Amino acid sequence: MKSKSKTIAAFIIFCIILSLIISISIIKFSNGHTFTFMSAEKSSSSRMKVSYRYFNGTDTRKISLKDSETLKIDFISEVKEGKLVINILDKNDKILKTFDSNAKGNEDIKATSDGEYTIKVEGYKTRGSYEVNWSK
């Protein structure tokens with residue numbers, strides 16, 4: 001019976017080690033794709049609020065604006081590792097405003113024409129949190 005118990009224990013340990021190796025490989029080699037590990041998100045139609053242990057990739061929200069309409073943005077990011085960038089893009093994907101890691105504040109952005117504007121959050125092997133709130 002002891003031999004069978006040792007075999008089962010060895011198999012369980014092997015499975016745990018294999019799972020860890022696979023998890024680390026996924027995190028390390030997920031280039032070009034969004035990968036989030038151990039995250040909590042509380043988002044709505046006018047808010048992105050995310051905390052995470054690992055984030056590599058992008059998170060976007062589209063907002064329809066009319067010419068001369070003002071988009072009001074409140075943001076905060078707390079980064080413990082890596083880099084996080086929050087960009088506001090016009091309908092042609094031109095960057096209108098960039099907010100860097102470990103920053104907070106607010107910004108008013110006036111639309112130059114009708115169209116879909118984008119809030120784009122880019123994480124580069126980062127750990128931390130961000131929150132972006134917006135209104136028209």
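Look up: the structure comes first, before these words.
Residues numbered from 1 in each chain as written. Predicted model: local features only at pLDDT ≥ 70, side-chain atom pairs only at ≥ 80, totals over all residues. Heavy atoms only, no water.

I keep staring at the pairing of strand β3 (residues 70–89) and nothing clicks. Help me out?
Walk down a regular strand and you will see the side chains alternate between the two sheet faces. Bridge count between β3 and strand β5 (residues 104–110): seven bridges; the pairing is antiparallel. By the bridge assignment, Ile76 is partnered in β5 with Lys104. One ladder, built from 16 bridges, connects β3 with strand β6 (residues 115–135); its direction is antiparallel. Its bridge partner being in β6, Phe75 is matched across the sheet by Val132. Direction of pairing for β3 relative to strand β4 (residues 95–99): antiparallel, over a ladder of four bridges. (Pairing = 2+ DSSP bridges. Helix = DSSP H or I, 4+ residues; strand = E, 2+ residues; numbered from the N terminus.)

What's the story with the pattern of salt bridges in this structure? I'm lost.
Working definition: two side chains of opposite charge can pair if their charged atoms are close together. Using the criterion set out here, one finds five salt bridges in the structure. Note that Arg47 and Glu131 form a salt bridge whose closest N and O atoms lie 3.9 Å from each other. One end of the pair, Arg47, is in strand β2 (residues 47–65); the other, Glu131, is in strand β6, with 84 residues separating them in the sequence. The class for Arg47 is partly exposed, based on a relative accessible area of 26%. Between Asp108 and Lys72 there is a salt bridge; the shortest N-O distance is 3.8 Å. Remark: Lys72 occurs in strand β3 and Asp108 occurs in strand β5; sequence separation between them is 36 residues. A relative accessible area of 40% places Lys72 in the partly exposed class. (Salt bridge = Lys/Arg side-chain N within 4 Å of Asp/Glu carboxyl O. Buried < 20%, exposed > 50% of the residue type's maximum accessible area, 1.4 Å probe, protein only.)

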